[in-house]
Amino acid sequence: MAREAAHPVEPLFLDRWSPRSFTGEPVPDTVLLSAFEAARWAPSALNAQPWRFLVARHGDAHWEEFVGLLMPRNALWAGKASALILILSELRIERRGEVVDNISHSFDSGAAWTNFAHQALLLGWHTHGIGGFDRQAARERLEIPEDFTIEAIVAIGRLGSLDTLHPEFQAAESPNGRRPLDQTVFAGRFGKPAFVSERNAA
(Lines give C-alpha, C1' and ligand atoms only; values in the text may rest on other atoms or scores of the structure.)
Protein backbone atom coordinates (compact mmCIF):
# COMPACT_ATOMS: atom_id res chain seq x y z
CA MET A 1 0.00 0.00 0.00
CA ALA A 2 1.37 3.42 -0.97
CA ARG A 3 1.84 5.86 1.86
CA GLU A 4 0.00 9.17 1.65
CA ALA A 5 0.84 12.27 3.66
CA ALA A 6 -2.00 14.31 5.16
CA HIS A 7 0.06 17.49 4.64
CA PRO A 8 2.85 18.41 2.21
CA VAL A 9 6.23 16.79 2.97
CA GLU A 10 9.24 15.82 0.89
CA PRO A 11 8.92 12.30 -0.59
CA LEU A 12 11.97 11.24 1.41
CA PHE A 13 9.89 11.03 4.59
CA LEU A 14 7.34 8.68 3.07
CA ASP A 15 9.87 6.62 1.14
CA ARG A 16 11.91 5.76 4.25
CA TRP A 17 10.64 2.57 5.85
CA SER A 18 12.16 -0.41 7.66
CA PRO A 19 12.32 -3.49 5.44
CA ARG A 20 13.62 -6.87 6.56
CA SER A 21 14.51 -8.17 3.11
CA PHE A 22 18.08 -7.34 2.08
CA THR A 23 20.34 -8.52 -0.74
CA GLY A 24 23.45 -8.78 1.44
CA GLU A 25 25.60 -7.15 -1.23
CA PRO A 26 28.65 -5.19 0.00
CA VAL A 27 27.97 -1.61 1.03
CA PRO A 28 30.61 0.78 -0.37
CA ASP A 29 32.71 3.01 1.86
CA THR A 30 31.28 6.00 0.04
CA VAL A 31 27.75 5.13 1.15
CA LEU A 32 28.66 4.56 4.79
CA LEU A 33 30.86 7.65 4.96
CA SER A 34 28.11 9.80 3.45
CA ALA A 35 25.51 8.47 5.89
CA PHE A 36 27.83 8.91 8.88
CA GLU A 37 28.65 12.42 7.69
CA ALA A 38 24.93 13.23 7.72
CA ALA A 39 24.73 11.81 11.24
CA ARG A 40 27.70 13.97 12.28
CA TRP A 41 25.70 17.12 11.56
CA ALA A 42 22.73 16.25 13.76
CA PRO A 43 21.84 18.76 16.50
CA SER A 44 22.81 18.03 20.10
CA ALA A 45 22.71 19.79 23.46
CA LEU A 46 25.76 22.03 23.89
CA ASN A 47 27.10 20.41 20.72
CA ALA A 48 28.12 17.40 22.84
CA GLN A 49 27.62 14.96 19.94
CA PRO A 50 27.06 11.99 22.28
CA TRP A 51 26.63 9.44 19.48
CA ARG A 52 29.19 6.76 18.63
CA PHE A 53 28.90 3.96 16.07
CA LEU A 54 30.42 0.47 15.92
CA VAL A 55 30.29 -1.11 12.46
CA ALA A 56 30.40 -4.71 11.23
CA ARG A 57 30.14 -5.50 7.53
CA HIS A 58 28.70 -8.70 6.12
CA GLY A 59 31.48 -11.27 6.08
CA ASP A 60 34.15 -9.27 7.91
CA ALA A 61 35.94 -10.30 11.10
CA HIS A 62 33.20 -8.75 13.28
CA TRP A 63 30.12 -9.94 11.42
CA GLU A 64 29.30 -13.19 13.20
CA GLU A 65 29.89 -11.53 16.56
CA PHE A 66 27.37 -8.78 15.77
CA VAL A 67 24.79 -11.21 14.36
CA GLY A 68 25.29 -13.35 17.45
CA LEU A 69 24.10 -10.47 19.64
CA LEU A 70 20.68 -10.41 17.96
CA MET A 71 17.65 -12.21 19.28
CA PRO A 72 17.17 -15.36 17.14
CA ARG A 73 14.13 -14.01 15.32
CA ASN A 74 15.96 -10.83 14.33
CA ALA A 75 19.02 -12.78 13.23
CA LEU A 76 16.85 -14.61 10.65
CA TRP A 77 16.57 -11.47 8.53
CA ALA A 78 19.25 -9.06 9.77
CA GLY A 79 21.92 -11.67 9.09
CA LYS A 80 21.34 -10.91 5.39
CA ALA A 81 21.98 -7.17 5.71
CA SER A 82 25.09 -5.53 4.27
CA ALA A 83 26.22 -4.07 7.59
CA LEU A 84 25.14 -3.86 11.22
CA ILE A 85 25.77 -0.67 13.16
CA LEU A 86 25.62 -0.45 16.94
CA ILE A 87 24.60 3.00 18.20
CA LEU A 88 25.93 4.27 21.52
CA SER A 89 25.37 7.51 23.40
CA GLU A 90 27.63 9.13 25.97
CA LEU A 91 26.02 9.65 29.36
CA ARG A 92 28.05 12.61 30.58
CA ILE A 93 28.84 16.07 29.24
CA GLU A 94 31.23 18.84 30.19
CA ARG A 95 29.45 22.07 31.09
CA ARG A 96 31.20 25.15 32.47
CA GLY A 97 34.23 23.10 33.40
CA GLU A 98 32.22 20.43 35.22
CA VAL A 99 31.28 16.94 34.02
CA VAL A 100 27.53 16.38 34.53
CA ASP A 101 24.78 14.00 33.36
CA ASN A 102 23.65 14.60 29.78
CA ILE A 103 19.89 14.17 30.04
CA SER A 104 19.41 14.41 26.26
CA HIS A 105 22.03 11.85 25.17
CA SER A 106 19.46 9.39 23.76
CA PHE A 107 17.38 12.14 22.17
CA ASP A 108 20.43 13.58 20.42
CA SER A 109 21.72 10.20 19.26
CA GLY A 110 18.27 9.51 17.86
CA ALA A 111 18.60 12.65 15.76
CA ALA A 112 21.93 11.38 14.42
CA TRP A 113 20.41 8.01 13.54
CA THR A 114 17.58 9.73 11.67
CA ASN A 115 20.07 11.72 9.61
CA PHE A 116 21.94 8.49 8.86
CA ALA A 117 18.78 6.70 7.74
CA HIS A 118 17.61 9.47 5.44
CA GLN A 119 21.01 9.98 3.81
CA ALA A 120 21.33 6.25 3.24
CA LEU A 121 17.92 6.24 1.55
CA LEU A 122 18.95 9.11 -0.73
CA LEU A 123 21.80 6.86 -1.88
CA GLY A 124 19.48 3.92 -2.53
CA TRP A 125 20.03 1.97 0.70
CA HIS A 126 17.49 1.03 3.36
CA THR A 127 17.88 0.80 7.12
CA HIS A 128 16.05 -0.98 9.93
CA GLY A 129 16.52 -0.18 13.60
CA ILE A 130 16.68 -3.17 15.96
CA GLY A 131 16.01 -3.18 19.69
CA GLY A 132 15.98 -6.94 20.20
CA PHE A 133 19.55 -7.91 21.08
CA ASP A 134 21.68 -8.76 24.11
CA ARG A 135 22.97 -5.45 25.45
CA GLN A 136 25.01 -6.94 28.26
CA ALA A 137 26.77 -9.29 25.87
CA ALA A 138 27.38 -6.39 23.51
CA ARG A 139 29.00 -4.37 26.29
CA GLU A 140 31.26 -7.23 27.33
CA ARG A 141 32.22 -8.59 23.92
CA LEU A 142 32.66 -5.22 22.19
CA GLU A 143 34.45 -3.59 25.14
CA ILE A 144 31.98 -0.72 25.49
CA PRO A 145 32.79 1.66 28.37
CA GLU A 146 30.26 2.02 31.18
CA ASP A 147 29.80 5.72 30.47
CA PHE A 148 28.01 4.90 27.21
CA THR A 149 24.44 3.68 26.81
CA ILE A 150 23.80 1.01 24.20
CA GLU A 151 20.90 2.38 22.17
CA ALA A 152 20.17 0.16 19.17
CA ILE A 153 21.56 -1.85 16.29
CA VAL A 154 20.81 -0.71 12.74
CA ALA A 155 20.80 -2.99 9.70
CA ILE A 156 21.61 -1.39 6.36
CA GLY A 157 21.35 -2.94 2.93
CA ARG A 158 19.87 -2.88 -0.52
CA LEU A 159 16.21 -3.81 -0.62
CA GLY A 160 15.83 -7.49 -1.47
CA SER A 161 12.98 -9.36 -3.11
CA LEU A 162 10.19 -10.81 -1.02
CA ASP A 163 10.94 -14.40 -2.00
CA THR A 164 14.40 -14.19 -0.38
CA LEU A 165 12.90 -13.21 2.98
CA HIS A 166 12.16 -15.82 5.63
CA PRO A 167 8.46 -16.82 5.31
CA GLU A 168 7.76 -15.70 8.87
CA PHE A 169 8.18 -12.05 7.83
CA GLN A 170 6.79 -11.95 4.30
CA ALA A 171 3.19 -10.98 5.17
CA ALA A 172 4.32 -7.85 7.02
CA GLU A 173 6.98 -6.75 4.52
CA SER A 174 5.53 -3.42 3.42
CA PRO A 175 5.66 0.22 4.60
CA ASN A 176 3.31 0.86 7.51
CA GLY A 177 1.23 3.92 8.29
CA ARG A 178 1.17 6.48 11.09
CA ARG A 179 -1.54 7.75 13.43
CA PRO A 180 -3.06 11.14 12.50
CA LEU A 181 -1.63 14.37 13.89
CA ASP A 182 -4.66 15.09 16.06
CA GLN A 183 -3.66 12.09 18.16
CA THR A 184 -0.05 13.28 18.41
CA VAL A 185 0.09 17.10 18.52
CA PHE A 186 -1.73 18.89 21.35
CA ALA A 187 -2.36 22.51 22.31
CA GLY A 188 -0.79 23.22 25.68
CA ARG A 189 -2.45 20.31 27.47
CA PHE A 190 -2.37 16.62 26.69
CA GLY A 191 -5.31 15.54 24.54
CA LYS A 192 -6.41 18.95 23.22
CA PRO A 193 -5.95 19.10 19.42
CA ALA A 194 -3.61 21.88 18.32
CA PHE A 195 -5.11 22.45 14.88
CA VAL A 196 -8.77 22.97 14.03
CA SER A 197 -8.36 21.46 10.58
CA GLU A 198 -7.04 18.23 12.08
CA ARG A 199 -9.91 18.05 14.56
CA ASN A 200 -12.48 18.57 11.80
CA ALA A 201 -10.81 15.95 9.59
CA ALA A 202 -10.97 13.27 12.28
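Residues numbered from 1 in each chain as written. Predicted model: local features only at pLDDT ≥ 70, side-chain atom pairs only at ≥ 80, totals over all residues. Heavy atoms only, no water.

**Student:** Explain empty space enclosed by the protein residue by residue, including any values.
**Tutor:** For the structure on display, the rule yields one cavity of 30 Å³ or more. By volume, the largest cavity is sized at about 30 Å³. Every residue lining the largest cavity is listed: Arg 20, Ser 21, Phe 22, Trp 77, Lys 80, Thr 164 and Leu 165. Here the lining of the largest cavity is composed, by residue class, of three nonpolar, two polar and two charged. (1 Å grid on protein atoms, 1.4 Å probe; cavity = no way out; pocket = protein on both sides within 12 Å on 5 of 7 lines; lining within 4 Å. Points joined across faces, edges and corners; volume = space filled by probe spheres on them. Nonpolar A, V, L, I, M, F, W, Y, C, P; charged D, E, K, R; others polar.)

**Student:** With reference to specific residues and values, describe the packing of aromatic side chains.
**Tutor:** Tallying each qualifying case throughout the model produces four aromatic pairs. Pairing Phe 36 with Phe 53 gives two aromatic rings, centres 5.1 Å apart and planes at 50°, and the pair type is tilted. One end of the pair, Phe 36, is in helix α2 (residues 29-40); the other, Phe 53, is in strand β1 (residues 51-57), with 17 residues separating them in the sequence. By relative accessible area, Phe 53 is classed as partly exposed at 22%. (Phe/Tyr/Trp six-rings, centres within 6.5 Å; stacked < 30°, edge-to-face > 60°. Helix = DSSP H or I, 4+ residues; strand = E, 2+ residues; numbered from the N terminus. Buried < 20%, exposed > 50% of the residue type's maximum accessible area, 1.4 Å probe, protein only.)

**Student:** Account for the pattern of salt bridges, with residues named and values stated.
**Tutor:** Tallying each qualifying case throughout the model produces six salt bridges. Note that Arg 57 and Asp 29 form a salt bridge whose closest N and O atoms lie 2.4 Å from each other. Residue Arg 57 is found in strand β1, and its partner Asp 29 is found in helix α2; the two are separated by 28 residues along the sequence. Among the residues examined, Arg 57 registers a relative accessible area of 31% and is labelled partly exposed. The partner of Arg 92 in a salt bridge is Asp 101, with the nearest N and O atoms 2.5 Å apart. (Salt bridge = Lys/Arg side-chain N within 4 Å of Asp/Glu carboxyl O.)

**Student:** Could you give me a rundown of the pairing of strand β5 (residues 126-130), with the residues and numbers involved?
**Tutor:** With respect to burial, β5 is a largely interior element, four of its five residues being buried. Alignment of β5 against strand β6 (residues 148-157), held across five bridges, turns out to be antiparallel. In the sheet register, His 128 faces β6, and the bridge partner there is Ala 155. (Pairing = 2+ DSSP bridges.)

**Student:** So what's going on with the sheet that holds β5? Which residues, and what values?
**Tutor:** With antiparallel pairing, the four strands of this open sheet are ordered in space as β1-β2-β6-β5. Across the chains shown, the open sheet's two edge strands, defined by having one partner strand only, are β1 and β5. For this sheet the average axis-to-axis angle between neighbouring strands, irrespective of direction, equals 25°. Helix α5 (residues 105-122) contacts β1, β2 (83-90), β5 and β6 of the sheet and is inclined by roughly 150° relative to β2. (Axes fitted to C-alpha atoms, helices over the stretch in contact; angles between N-to-C directions. Contact = heavy atoms within 4.5 Å.)

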